[in-house]
Amino acid sequence: MAYSVEGRRRASGGMLPLLALSTVAEYYRLPWKPPVTAGLLAANTLVYLRPSFIDPFIPHINEVWFNPNLILKHKDLKRFFLSPFYHLDEPHLVYNMMSLLWKGIKLETSMGSSEFASMVFALLGMSQGVTLLLAKSLHVFFDYERAFYSEYSVGFSGVIFALKVVLNSRDEDYTSVYGILVPTKYAAWAELVLVQMFMPSASFLGHLGGILAGILYLKLKRSSHSGLDPVSMVVRGVTRAVTWPLRFLSSLVRSRRRRITGRGRVGRGQNGVWRCQSCTYDNSGLQSVCEMCGLGRGRGNGWSVNQRQTHSSSSDIPLDELRRRRVERFS
C-alpha cells in the first residue's frame, strides 16, 4: 500500500508543539535527565521534520518502507533498520513519541542509560526480525502475501510495544487500556487488539512482532542470569513467545469452566448426605424431599452415602411418573 506522505502532513498540523511542551514539562521536573530517551525523541522528530541542514543525508520514506518481500529479495538492511524512525504524519509521530517519552523515562531511570540504550537497540533488531519471520512464515505456510508479506509499514510502535512488555513484566496491578481494566502485564496484548479494532490500517504484524520481541528479550535476560545455554533458550523462547497467545486463551477457558462429574452434590454437609432409592440422587441431610424426583425421605427411602450399604434401588413409583416429576422439578 502507498501513502501520500506530504498530503497527510499538510492535513494534520499543530500537534508537534504539544509534544514539545510535554517533553519539556517531563524533563523539567526530573532531577536527572535521561539522555537516551531524549536522543530517541529528537531523532524521530528530526527525521520527520527533515530540516534543510540534514535533509540531503536522510533517505526518503519511499526508500525505507518496511516491506518483508523487498528486504528478503534485495537483502535491504536500510529498510530493516531505518523504517522504525519514520512516521506518516503528525498524529502518528506524536502518539508514538508521547508513549516513548513515558516508557523511556521510567525504564532509563531504573536501569541506567547504557543498559537502556543496548536494550532499545536489541529490541529494535528483534522486533523487526520477528516481524520479518512472521510475515515470511505466513507467506510460505498460508500464502498470505498481499496481507503481510508485501505490506508497507513505518513507525517506532513495534519497539514501543516491546518496551511496554519489559516495563510491565513484573507488575501485578491492573491498568486501564482505552477504558478497559486489564492486568498490567497483559496490557500490551489488550492494546494490540484494541488498536487494530479502532485503527485497521495499523500494522498488526509489526505490533505483534514488538510484543513477541519483548517476551523473547525477557527470556534471554533471565537465562543469562541463570547460566543456561543461550542457544536452547533462544529456541525455547521463540517457541513459547509464538504460542503464548494460544496458551493464554486456553488457560482463561479452563479457569472459567467448572467441570462437575458424578451425580448429586459435590462434597458433604455437616449433617451427611442421603441417597434417594428411586433416582439415586444424592441429597443434603438437611432436606427431607429428594431434589430430583420429589420423593419424600422416610419409610426406608434414603440412606447415608458414608455407610456404603447395598440397598435395592427399586421403587413403587412407575417410571413414567418418575420422569414426569423430574421434568416438573426443573421446569
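Note: the structure precedes this text.
Quick caveat, the model's predicted, so the values are computed rather than measured. (Residues numbered from 1 in each chain as written. Predicted model: local features only at pLDDT ≥ 70, side-chain atom pairs only at ≥ 80, totals over all residues. Heavy atoms only, no water.)

Can you walk me through the packing of aromatic side chains in this structure?
In this description, an aromatic ring pair is defined by two values, namely the gap between the centres and the angle between the planes. The tally for this structure, following the rule as stated, stands at four aromatic pairs. Seen in terms of ring centroids, Trp-65 and Tyr-152 are 6.1 Å apart; in terms of plane orientation they differ by 85°. Their pairing is edge-to-face. Here Trp-65 is found in the loop between helix H3 (35-49) and helix H4 (68-74), whereas its partner Tyr-152 is found in the loop between helix H8 (145-149) and helix H9 (157-167), with 87 residues between them in sequence. Classification of Tyr-152 as partly exposed rests on a relative accessible area of 27%. Seen from their ring centres, Tyr-178 and Phe-198 are 6.5 Å apart, and the 55° between their planes marks the pair as tilted. (Phe/Tyr/Trp six-rings, centres within 6.5 Å; stacked < 30°, edge-to-face > 60°. Helix = DSSP H or I, 4+ residues; strand = E, 2+ residues; numbered from the N terminus. Buried < 20%, exposed > 50% of the residue type's maximum accessible area, 1.4 Å probe, protein only.)

Could you clarify how one ought to interpret the environment of Tyr-27 in this entry?
As for its placement among the helices and strands, Tyr-27 is situated in helix H2 (residues 16-28). Each C-alpha atom of the pair Tyr-27 and Leu-101 lies 9.6 Å from the other, and the pair is 74 residues apart in sequence. Setting aside anything within four residues of it in sequence, one finds Tyr-27 in contact with Lys-33, Pro-34, Thr-37, Ala-38, Leu-101 and Ile-105. (Contact = heavy atoms within 4.5 Å.)

Any chance you could explain the environment of Ser-137 here in plain terms?
Mapped onto the fold, Ser-137 is located in helix H7 (residues 113-142). With relative accessibility at 26%, the residue Ser-137 sits in the partly exposed group.

Any chance you could explain the nonpolar core here in plain terms?
Among the nonpolar cores identified, the biggest contains 58 residues, and Phe-116, Met-119, Phe-156 and Leu-163 are the most heavily contacted of them. The dominant element in this core, judged by the number of residues it contributes, is H7, at 10 residues. With near-sequence residues (within four places) excluded, Leu-163 lies in contact with Leu-100, Lys-103, Leu-107, Phe-116, Met-119, Val-120 and Leu-123. Judged by nonpolar contacts, the second largest core, of eight residues, contains Trp-274, Cys-279, Cys-290 and Met-292. (Core = buried A, V, L, I, M, F, W, Y, C linked by side-chain atoms within 4.5 Å.)

What exactly am I supposed to notice about the packing of H3 against H7 here?
Relative orientation and spacing of two packed helices are given, respectively, by the angle between their axes and the distance between those axes. Orientation of H3 relative to H7, taken along the N-to-C sense of each, is 40°, at an axis distance of 9 Å. The orientation of H3 relative to H7 falls into the category oblique. Counted together, Pro-35, Val-36, Thr-37 and Leu-40 of H3 and Ser-113, Phe-116, Ala-117 and Val-120 of H7 form the full contact between these two elements. Residue composition of the contact of H3 with H7, by class: six nonpolar, two polar and no charged. (Axes fitted to C-alpha atoms, helices over the stretch in contact; angles between N-to-C directions. Parallel < 35°, antiparallel > 145°, perpendicular 65-115°, else oblique. Nonpolar A, V, L, I, M, F, W, Y, C, P; charged D, E, K, R; others polar.)

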